Amino acid sequence: MFSSFGLFQSLPCPERNNCNRLSCVFSHSLDLHSHHSLTIPVVPVQPLPQTTSSDVVPRAVPSKRPFHNLAEGSSSINGALVSGPPTQRLRVGTAQKPVAVPAASHTSNGVPIIRINPAQSQVALPVRQAMLKTLYEHFVVLYDTILPLNPTLASEHALRQEEQVYSKSTKLTYRNAVINSIAALKRRSIPTSISHPSVGTEEDLAVRAESRKKLDDLRVTRLLLKPIIMSLEAMQTWGFISEVPEGLGGDQPSAEGKIIQCERCTQPFMVKNNPTADECQYHWGKLFTHKVNGERMRSYSCCQKPAEEGGCSRGHHVFYESKAQDLHSRHAFSFTRPSVADTETDTALDVVALDCEMVYTTGGMRVARVSVVDGSGRQVFDELVRMDDGVEVIDYNTRFSGITQEEHAQATLSLSSIRKSLDAFINHDTIVIGHALHNDLNTLRIIHHQCVDTAIIFPHRAGPPYRRSLRDLVKEHLGLTIQAGGGTSGHSSVEDSVATLNLVRWYILNKLKPTAKT
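Cut-offs and rules
- Residues numbered from 1 in each chain as written.
- Predicted model: local features only at pLDDT ≥ 70, side-chain atom pairs only at ≥ 80, totals over all residues.
- Heavy atoms only, no water.
- Helix = DSSP H or I, 4+ residues; strand = E, 2+ residues; numbered from the N terminus.
- Buried < 20%, exposed > 50% of the residue type's maximum accessible area, 1.4 Å probe, protein only.
- Contact = heavy atoms within 4.5 Å.
- Areas by Shrake-Rupley, 256 points an atom, 1.4 Å probe, with all protein chains shown as cover.
- Axes fitted to C-alpha atoms, helices over the stretch in contact; angles between N-to-C directions.
- Parallel < 35°, antiparallel > 145°, perpendicular 65-115°, else oblique.
- Nonpolar A, V, L, I, M, F, W, Y, C, P; charged D, E, K, R; others polar.
- 1 Å grid on protein atoms, 1.4 Å probe; cavity = no way out; pocket = protein on both sides within 12 Å on 5 of 7 lines; lining within 4 Å.
- Points joined across faces, edges and corners; volume = space filled by probe spheres on them.
- Core = buried A, V, L, I, M, F, W, Y, C linked by side-chain atoms within 4.5 Å.
- Salt bridge = Lys/Arg side-chain N within 4 Å of Asp/Glu carboxyl O.
- Arc of directions from axis to C-beta.
- Pairing = 2+ DSSP bridges.

Undergrad: Can you help me understand the overall build of the protein in this one?
TA: Scanning the protein from N- to C-terminus turns up 14 helices and 19 strands. Burial statistics for the protein: of 518 residues in total, 39% are counted as buried. Counted over contacts in the protein with a minimum sequence separation of 6, partners at least 24 positions apart contribute 61%. Element-wise, carbon and sulfur atoms account for 54% of the exposed surface of the protein, whose accessible area totals about 31,200 Å².

Undergrad: Please explain the packing of helix H4 (residues 202–217) against helix H14 (residues 493–510) as it appears in this structure.
TA: Between two packed helices, what matters for the description is the angle formed by their axes and the separation of those axes. Running from amino to carboxyl end, H4 crosses H14 at an angle of 95°, the nearest separation of the two axes being 9 Å. When the interaxial angle is binned, H4 and H14 end up roughly perpendicular. For the pair H4 and H14, contact is made by Arg212, Lys214, Leu215 and Asp216 and by Asn502, Arg505, Trp506 and Leu509, respectively. The residue makeup of the contact of H4 with H14, split by class, is three nonpolar, one polar and four charged.

Undergrad: What exactly am I supposed to notice about the layout of surface pockets here?
TA: Where empty space is left can be seen by rolling a probe of water-molecule size over the atoms. Its boundaries defined by the atoms lining it, the second largest pocket holds a volume of some 810 Å³. Along the wall of the second largest pocket there are 34 residues; nearest its centre are Arg208, Arg212, Leu478, Gly479 and Leu480. Looking at the lining of the second largest pocket, the elements with two or more residues in it are helix H2 (153–168), H4, helix H13 (470–478) and H14. Residues of the lining of the second largest pocket, tallied by class, amount to 16 nonpolar, nine polar and nine charged.

Undergrad: What is the right way to read the nonpolar core from this model?
TA: The tendency in soluble globular proteins is for nonpolar side chains to be buried side by side. Counting residues in hydrophobic clusters, the biggest one holds 38 residues, and the most contacted among them are Phe240, Leu354, Val370, Val372, Phe381, Leu422 and Leu444. Only strand S7 (280–282), strand S12 (351–361), strand S13 (364–374), strand S14 (379–386), helix H10 (415–422) and helix H11 (437–444) provide two or more residues apiece to this core. Of the residues forming this core, the biggest block, five residues, is contributed by S12. If you look at the next biggest cluster of nonpolar residues, it comprises 28 residues, including Leu224, Val452, Leu480 and Val504.

Undergrad: Would you mind showing me how to read the environment of valine 380 here?
TA: The topology assignment puts valine 380 in strand S14. Separated by 42 residues in the primary sequence, valine 380 and leucine 422 place their C-alpha atoms 9.9 Å from one another.

Undergrad: Would you mind going over the pattern of salt bridges with me for this structure?
TA: Side chains that differ in charge, positive against negative, can pair when their charged atoms come close. Scanning all chains against the criterion turns up 14 salt bridges. Between aspartate 346 and arginine 337 there is a salt bridge, and its shortest N-O distance comes to 2.6 Å. With respect to burial, aspartate 346 and arginine 337 carry one shared label: buried.

Undergrad: Looking at this model, I keep getting lost on H10. Mind explaining?
TA: Residues of H10 that are buried include every one of Leu415, Ile418, Arg419 and Leu422, and no others. Seen along its axis, H10 keeps its buried residues to an arc of 100°; they face one direction. Buried residues along H10 sit in contact with strand S11 (334–335), S13, S14, strand S16 (413–414), H11 and strand S18 (446–447).

Undergrad: I would appreciate a short explanation of unusual backbone geometry in the present structure.
TA: Residues other than glycine predominantly adopt negative phi, and peptide bonds predominantly adopt the trans conformation. Here the residue pair proline 464 and proline 465 is connected by a cis peptide bond, since its omega of 5° sits within 30 degrees of zero. Phi at glutamine 304 takes a positive value of approximately 65°, unusual for a residue other than glycine. Mapped onto the fold, glutamine 304 is located in the loop between strand S9 (295–300) and strand S10 (313–315). The phi dihedral of asparagine 397 falls on the positive side, at around 50°, and the residue is not glycine.

Undergrad: Any chance you could explain the pairing of S13 here in plain terms?
TA: Counting buried residues in S13 gives 11 out of 11 residues, a clear majority hidden from the surface. One ladder, built from 10 bridges, connects S12 with S13; its direction is antiparallel. The residue of S13 that forms the bridge with tyrosine 360 is methionine 365. What sits between the antiparallel neighbours S12 and S13 is a turn of two residues. Pairing between S13 and S14: five bridges, direction antiparallel. Paired with valine 370 across the two strands is glutamate 383, which belongs to S14.

Undergrad: It is not clear to me how the packing of helix H1 (residues 125–142) against helix H3 (residues 174–187) should be interpreted in this structure. Could you clarify?
TA: H3 packs onto H1 with a crossing angle of 5° between their chain directions and a minimal axis gap of 10 Å. Taken as axis vectors, H1 and H3 run roughly parallel relative to one another. Facing H1, whose interface residues are Val127, Arg128, Met131, Thr134, Leu135, His138, Phe139 and Leu142, H3 presents Tyr174, Arg175, Val178, Ser181, Ile182, Leu185 and Lys186.

Undergrad: What should I look at first to understand the environment of tryptophan 506 in this one?
TA: Relative to the assigned elements, tryptophan 506 resides in helix H14. Between the C-alpha atom of tryptophan 506 and that of arginine 212, which follows or precedes it by 294 residues, the distance is 9.8 Å. Tryptophan 506 has contacts with Leu215, Phe458, His477, Leu478 and Lys511, leaving out every residue within four places of it along the chain.

Here is the structure:
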């Protein structure tokens, strides 16, 4: 055994007299004071009570917190607030670069200026302004023939084109994208009117081409038009003549020598074969309401003069008749012909669009030109109408009819001959499309019950008897401009009949879409 160093001799043996060690390292002397020992109580572990699945308490902290609590940093469980670690706010939505919309301001030479916060633009503002100036210069060259009537068109389209290019490009691709747009402008044909296909931005042309393709691909059929054919009651409400008036018809072709109220100036006058020129002072435009300094005013669209002022134009006294009996006395009404029993030999079409141009005569307003297109928009008839014997033209109304004295002198077919020619395309079952169609049918002295009128299917917000103009409807729904002569060159009945058909096509594609079948 090793010898002891006596390091524990000052400590009493824990076992005292019960120590059985031969050489105990502790002291067994009775003179030593006892030391208090450290006693650590030990609590016995109690067994867990038996529980069922229904007694299980849910976890205090869910494994995944709900989405709506992520931004709050805490969640509520059974009414108790459970705090969690701070969370980062989530960015909702896709990341988008700021799109700076340029303001419509211009320099002294007409170049538009982009007025935006430079911080909103990813492309340096001087670079965008330089590109915009180049775009504007090329639009000016392209629109050279139509700018006199539309002086702000180049500036507006340049601004929109630059904005469209910027929104689709990045900082690195912006310049090349503008250069490509300029190259596309150089390839366009020179427009002759504001409704020309070359007028507009690249997006305008793309949208117009897509819409045009859909319209051109749709052939209007009887089945497609069935839901919008006018009822007999609706036709009577809107001025259609549904039955042949009583009387012989055509017994008074001219009102020469009678005193009638002038349609233009409302003054009574005697109908004459050779009236005095410039005897009537009138406004050829329509009254419209607008606000000036907060006050409502009514002015004429032709000269912007107030309603109280005298006419801005001079011409012949003219008259217009709308009563069925009066019209019948000038030229007799008749129904469209019945369909042929053998449908294979019947040349009548299922659908036509029709438009007429009228002039003022000693027999009232009479038809001077008739145009018809089929359901696909193909022109099938376009003829000038010679006046009946005893009826003389007072005013060719060229501002609206587009017919001049020289052109009308070439007319060879009378109204009766025109009616026989139309029988080749129109029978009792043919659906006739038109705008304010009752005017065309009345001047043709046709009674027909299968009609679709765009003035009815596109109603005026004020309701009957108001009608929206064909020009406004075509501009709004087709994005085209018709009757663009500015009151100088007049209308074209072919253009108007095609526009009316396209309006119906648009209505079928957009309003009757669930049932439309091409």
